[in-house]
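Coordinates in review
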Number of protein chains: 2
Amino acid sequence: MPPTRSKPEKPPDQSKVADAARVKATIREVAHRAGVSTATVSRALNRPEKVRAETRERVLQAVRETHFVFDGIAASMISRRSRTIGLIIPTITNSIYAASTQSIQHTAQAAGYTVLLGVSEFSPRLEADLAQRLLERRVDGLILTGGNHDQSLIEKMRTNGVPFLITWKLMRGKDWPSVSFDNYKAAWSAVEFLVSLGHRRLGLVCGRTDVNDRALDRRQAFEDCLERHGLAVDPVLIYERDFEMEEGASAMSAMLDTPEPPTAVFCANDIQAIGALSQCRERGLSVPGDISIIGFDDLPVTSYTRPKLTTVRVPAHDMGRRAAEIMIASIERQIPLQSVELQTELIARETTAPPRFRR
Amino acid sequence: MPPTRSKPEKPPDQSKVADAARVKATIREVAHRAGVSTATVSRALNRPEKVRAETRERVLQAVRETHFVFDGIAASMISRRSRTIGLIIPTITNSIYAASTQSIQHTAQAAGYTVLLGVSEFSPRLEADLAQRLLERRVDGLILTGGNHDQSLIEKMRTNGVPFLITWKLMRGKDWPSVSFDNYKAAWSAVEFLVSLGHRRLGLVCGRTDVNDRALDRRQAFEDCLERHGLAVDPVLIYERDFEMEEGASAMSAMLDTPEPPTAVFCANDIQAIGALSQCRERGLSVPGDISIIGFDDLPVTSYTRPKLTTVRVPAHDMGRRAAEIMIASIERQIPLQSVELQTELIARETTAPPRFRR
DNA sequence: TCTAAAAATGTAAACGTTTGCATTTTTGTT
DNA sequence: AACAAAAATGCAAACGTTTACATTTTTAGA
């Protein structure tokens with residue numbers, strides 16, 4: 001029988017070899033080199049205990065030799081799991097979101113997950129588009145910020161059967177699981193603190209409540225707490241602004257130009273508080289002598305303002321870590337998503353004191 | 001012939017239908033409903049101009065009716081493109097990295113890309129692991145921070161043929177493309193500024209140069225600039241610390257406890273500068289009367305310290321945007337990655353002045 | 001040594017798109 | 001009306017894994 005092999009198994013594709021430094025190896029080549037089937041390679045890689053030590057070693061050797069790079073996309077395709085978590089936050093620039101993001105990322109990373117990041121810029125519309133894209137990439141879970149979302153987003157998550165978790169806002173009424181502190185309660189404690197110092201005329205600077213339900217909670221607490229103490233809620237002392245120090249400064253400025261300025265101001269976030277504080281000092285006002293200021297978040301920098309800022313410490317890191325942990329537990333062990341309420345703490349530093357003149 | 005159909009085509013899987021609100025539709029069902037082939041659906045979705053308007057409309061209608069969610073994983077599988085960019089930064093908590101990250105994210109988002117985020121915590125080892133995971137997820141490109149990387153990482157990127165870009169550090173010597181300002185030059189300008197004010201004894205606080213080549217550049221510039229002016233480089237006035245305000249404060253404290261304290265200090269990042277500034281004021285020293293301080297980065301908060309911090313403005317946003325743009329252009333139009341040098345600017349504010357006593 | 005059970009491995013069918021090529025339909029020119 | 005060219009659509013083969021299920025090998029007990 002003459003040696004006629006009309007169809008050689010695998011013609012070495014010269015062109016391709018020339019292009020890339022090395023042709024990317026697939027599991028198939030690894031299998032061939034190790035003298036096993038692809039199934040065994042897959043097992044050696046994913047569930048090492050399922051293959052004999054000797055075989056495993058042979059496979060690993062082949063992996064090294066071929067410079068094999070696992071294809072997670074192909075794996076996700078069939079296993080229906082991407083080991084990926086979507087995270088949507090309103091902004092990274094505010095370092096308080098950076099803190100929780102860092103923790104989520106850290107926890108996910110440690111568990112072998114990578115996070116897909118989206119920034120919604122406080123727009124539910126943009127958020128929905130973003131989420132759509134994350135869903136298309138088949139994230140195993142989605143971590144959102146706040147409770148203000150486009151209806152279509154919620155539907156899409158349900159359709160895709162993707163679990164989601166809310167951070168930065170406690171979802172009591174709805175059946176959405178959330179990992180957060182209580183914005184209302186925390187803000188209340190801040191206002192209560194000012195009132196307990198003897199302040200009777202209070203001002204508020206907060207985020208835009210139309211796009212930020214955390215700001216809304218905090219404003220609500222401010223108003224309710226004043227009412228509870230029989231104090232006036234003067235609209236001229238309430239400012240909704242963007243998260244910029246400059247905005248805090250200008251809000252404070254407006255307040256001070258008011259016929260009857262407040263003796264204390266609650267800034268519902270530290271960014272604005274820093275601006276407000278700066279504005280007071282710019283005008284030569286003594287803080288807390290002439291006016292008290294309390295912030296919210298406890299950014300690291302608040303220990304370094306002069307005077308040091310009284311504020312409400314928010315468990316940003318814990319929140320991120322817990323959220324990621326709960327999400328991953330849900331993904332891996334089908335543990336239903338559980339809500340968690342975290343606690344805040346009022347950090348009394350140097351920008352608060354009783355008002356100079358008691359009525 | 002009796003009607004015996006032993007194998008009905010698609011037995012409705014009751015259990016699944018019960019589980020999920022709706023069974024997820026595939027392109028196949030959309031195609032069937034629209035009365036076209038899957039190829040046409042794919043085209044209608046990806047290259048609308050390639051299908052007749054009428055057909056397109058029919059497909060889109062079917063998409064809506066079936067609540068079809070595109071499977072980007074399956075698409076990536078075959079198209080070899082993931083529309084995904086990997087980004088690895090040392091930390092998010094330092095808001096200067098948050099700024100460039102935000103811009104990268106924003107630009108990518110606008111171009112239809114999703115960013116996969118990794119945080120290396122200044123460890124090349126961890127970074128390599130992280131990158132491996134991103135590569136496994138088949139990112140179309142990788143944006144890294146600085147030039148200090150594990151050899152295995154570089155190899156892997158080459159093996160996978162994934163383009164990468166360095167930010168925050170100009171890669172002159174190596175052939176790696178980078179989008180950055182020149183750390184050395186920028187730091188030099190800061191030190192030069194202090195010297196030009198008349199300072200002769202200078203201190204330095206910077207990041208850990210063993211894990212951070214940006215800090216190394218800046219330190220090098222500090223030392224070289226002093227030497228150039230014939231000034232002493234006193235090791236007792238050089239502090240390498242982590243990026244914490246507290247670290248800046250303690251470094252400054254140590255410097256002030258020195259027999260011959262400096263009249264000016266260059267803090268190679270604003271975080272440490274804020275701590276240093278705070279420490280001076282804590283001790284009742286006048287800044288810039290007794291001591292000058294210059295920072296680096298121009299974080300927003302530096303306009304709100306008292307006195308306002310003199311610093312070097314760094315084009316974090318531009319850098320992020322340009323990096324993302326260049327990466328995407330490279331991915332989509334095979335434009336080779338080009339390096340870009342951005343400029344910095346010295347922002348003279350209130351923490352710098354000539355030394356009180358000239359020699 | 002034999003045998004049953006357990007462990008290891010192999011076979012092959014998915015997974016849901018994209019895309020080269022073939023075929024059909026439409027358009028435009030004469 | 002006929003025809004060529006262009007546009008639209010369809011066919012079917014990938015892409016690189018995972019995973020039931022089947023088969024083979026090993027282990028252990030008698």
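Nothing here was measured: the structure is a model prediction, and the numbers come from that model. (Residues numbered from 1 in each chain as written. Chains lettered and ligands numbered in written order. Predicted model: local features only at pLDDT ≥ 70, side-chain atom pairs only at ≥ 80, totals over all residues. Heavy atoms only, no water.)

According to the stated counting rule, one finds 14 aromatic pairs over all chains in the structure shown. Considering the side-chain rings of W168 of chain A and F181 of chain A, the 5.9 Å spacing of their centres and the 85 degrees angle between planes classify their relative orientation as edge-to-face. Residue W168 of chain A is found in the loop between β4 (164-167) and β5 (178-181), and its partner F181 of chain A is found in strand β5; the two are separated by 13 residues along the sequence. In this pair, the class of W168 of chain A matches that of F181 of chain A, namely buried. Plain terms: the ring middles of F181 of chain B and F296 of chain B are 6.2 Å apart, the flat faces sit at 40 degrees to each other, and that makes the pair tilted. Within this pair, whereas F181 of chain B is found in strand β5 (residues 178-181), its partner F296 of chain B is found in the loop between β9 (292-294) and β10 (311-313), the two being separated by 115 residues in sequence. Looking at F181 of chain B, the relative accessible area reads 0%, which means it is buried. An aromatic cluster of at least three residues, connected via ring pairs, comprises Y97, W168, F181, F266 and F296 of chain A. Above the ring of Y113 of chain A, the side-chain terminus of R83 of chain A is found at 4.9 Å from the ring centroid. (Phe/Tyr/Trp six-rings, centres within 6.5 Å; stacked < 30°, edge-to-face > 60°. Helix = DSSP H or I, 4+ residues; strand = E, 2+ residues; numbered from the N terminus. Buried < 20%, exposed > 50% of the residue type's maximum accessible area, 1.4 Å probe, protein only. Lys NZ or Arg CZ within 6 Å of the ring centre and 35° of its normal.)

Below, the discussion takes up empty space enclosed by the protein. Within this structure, the stated rule accounts for 10 cavities of 30 Å³ or more. Its boundaries defined by the atoms lining it, the largest cavity holds a volume of some 170 Å³. Around the largest cavity, the lining comprises 16 residues; the ones closest to its centre are Y304 and T305 of chain A together with Y304, T305 and R306 of chain B. Of all the secondary-structure elements, those providing two or more residues to the lining of the largest cavity are α12 (270-282) of chain A together with α12 (270-282) of chain B. Counted by class, the lining of the largest cavity contains eight nonpolar, four polar and four charged residues. (1 Å grid on protein atoms, 1.4 Å probe; cavity = no way out; pocket = protein on both sides within 12 Å on 5 of 7 lines; lining within 4 Å. Points joined across faces, edges and corners; volume = space filled by probe spheres on them. Nonpolar A, V, L, I, M, F, W, Y, C, P; charged D, E, K, R; others polar.)

So, on to the confidence of the model for chain A. Parts of the model with low pLDDT should not have their predicted coordinates read in detail. Here chain A averages 92 in pLDDT, while 93% of its residues score no lower than 70. In the model, residues 1-21 of chain A has pLDDT below 50 throughout and makes two contacts with residues more than four positions away in sequence or in other chains. (pLDDT = per-residue confidence, 0-100. Contact = heavy atoms within 4.5 Å.)

Now for the protein's contact with DNA strand D. The local shell around DNA strand D holds 28 residues, among which S42 and N46 of chain A together with S37, T40 and T55 of chain B are the closest. Backbone atoms, meaning sugar plus phosphate, form 60% of the atoms of DNA strand D positioned within 4 Å of the protein. Here N46 of chain A contributes a side-chain N or O atom positioned 2.7 Å from a phosphate oxygen of DNA strand D. Contacts to DNA strand D include T55 of chain B, whose side-chain N or O atom sits 2.3 Å from a phosphate oxygen. (Near = heavy atom within 4 Å. Polar contact = N/O pair within 3.5 Å; in protein donor to acceptor, adjacent residues only side chain to side chain.)

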